[in-house]
Amino acid sequence: MHKIATSDVDWSVIRKDFPILGEQAHGHPLIYFDSAATSQKPRAVIDVLRRYYEHENANVHRGLHELSSRATEAYEKSRQRVADYIGAVRADEIVFTRGTTESINLVAQAWGGKFIREGDVILLTVMEHHSNLVPWQLLAERTGARLRFVGVRDDGTLDLKQLPSLLTPEVKLFAFTHISNSLGTINPVAELCEKAHAVGALTLVDAAQSAGHLPIDVQELGCDFLAFSGHKMCGPTGIGALYGRGEILDSMPPWHGGGEMIVSVTLEKSAFKKAPHRFEAGTPNIAGAIGLAAAIQYIEQIGRPAIFEHDSHLARYAAERLTELPGMRVFGPTEERGALVGFVMDAAHPHDLTTFADQYGLALRGGHHCNQPLMRRFGVSGTTRASFYFYNTTEEIDRMIEILDAAVRFFS
Ligand code: C6P
């Protein structure tokens, strides 16, 4: 197996941690190039989930028995691990959610509901995933706020020259993605946060495509909110986190009502706990949080700088090799890119191409990737996307090129 020379990690050993990668699909060895949709899970995470259910399972924060204390301790330790992973000052700045989508909706409803008024502006970008667009559209409809968008240039980077005219004092929040899930563009988060703060706006970073791929320190980035999903970074589905700067979370009202988020309740009204428990009504995804902490531990053992180096090498290699194929259009920046590459081929529609590849055991994704405005910006209805993680290899990319080459011949 190809070893990427620039790092000390033996990736072929790491690949063996993922049982699913030994699967066959349509009688071929699976090539899994859909990690931007969801990553595969290492045995370390699968084992922790199993151990939790075999030895610790109970509800948290309410039982006065041994198992409940174990579950509560493991759940709250997981919160601390997430906080450390992204450089939060305190564990209280981490709210467990179902993932990036729920984290952004929480901010739009709880923070937006209290602080956004008619005429205020939420600044977004044209490359946002629907998860960082639709919640703001809903808020704008409710409040009379307006949305503005930073444009995307032909090379897939943000048109930062537009910022001075867009970032005016009416902007209350600038919410943008760290890494585009369709283009692979890595946005200059710290610079964007600084510029937003200069006009008094808060910032929200959608870290769905970055949290498992590169080092993140919310204090260095200077963001006020950061949202991510566990399932894209070796963790289970149904768990994710919202980071919110302490004083901002404390100023926000609850969004979901129910058990566990209250201090006292009368028939008429309730008093609420502090953040983060105020935002975690009902029984949380305890196993998910513990699984996420295990995923973080696993990723940290490898090291995010090495992962980033490996993944971006794969993405650049794929982008280069794809251009060998006829009628190929590759999207996104050429220099630095996240762990994915989107493309369209004259030979076939992205859905047909993706279905063709599947027949050879190659899992790609075809469609608009929940980026319809961005697809429209580039004049396409969708793309085919190959997305990578540290368990993928350049040999798999070579195989993808062979399969796509066969597709060109098949469709023409
Ligand atoms: N993108 C993709 O294949 P959830 O579904 O809440 O875990 O993540 C939503 C989300 C938010 N922002 C970005 C940048 C994303 O890429 C995603 C998920 C998947 O690209 C599913 S559409």
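To be clear, the structure that these remarks concern was listed above.
For clarity, every value in this text was computed on a predicted model and none was experimentally measured.

Visitor: Help me get a handle on the site of the ligand, residues and values and all.
Guide: As a structural note, the neighbourhood of the ligand is formed by 17 residues, with Thr101, Asp206, Ser229, His231 and Arg365 the closest of them. Here aspartate 206 contributes a side-chain N or O atom positioned 2.6 Å from a nitrogen atom of the ligand. Measuring from an oxygen atom of the ligand, one finds a side-chain N or O atom of arginine 385 at 2.7 Å. Coverage of the ligand by the protein chains reaches 88% of its 520 Å² of free accessible surface.

Visitor: Can you break down the sheet that holds strand β5 (residues 121-125) residue by residue, with the values?
Guide: Read across the sheet, seven strands follow the order β4-β10-β9-β8-β7-β5-β6 without closing on themselves; strand pairing throughout is mixed. The open sheet terminates on both sides in strands that have one partner only, identified here as β4 (94-97) and β6 (146-150). Looking at each pair of strands side by side, their axes are set apart by 20° on average, direction ignored. Here β5 pairs with β6 via five bridges, running parallel. Following the sheet pairing, valine 121 is matched in β6 by arginine 146. Together, β4, β7 (171-177), β8 (202-206), β9 (225-229) and β10 (240-244) form the strand contacts of helix α4 (residues 100-115), whose direction differs from that of β9 by roughly 150°.

Cut-offs applied
Residues numbered from 1 in each chain as written. Predicted model: local features only at pLDDT ≥ 70, side-chain atom pairs only at ≥ 80, totals over all residues. Heavy atoms only, no water. Near = heavy atom within 4 Å. Polar contact = N/O pair within 3.5 Å; in protein donor to acceptor, adjacent residues only side chain to side chain. Areas by Shrake-Rupley, 256 points an atom, 1.4 Å probe, with all protein chains shown as cover. Pairing = 2+ DSSP bridges. Helix = DSSP H or I, 4+ residues; strand = E, 2+ residues; numbered from the N terminus. Axes fitted to C-alpha atoms, helices over the stretch in contact; angles between N-to-C directions. Contact = heavy atoms within 4.5 Å.

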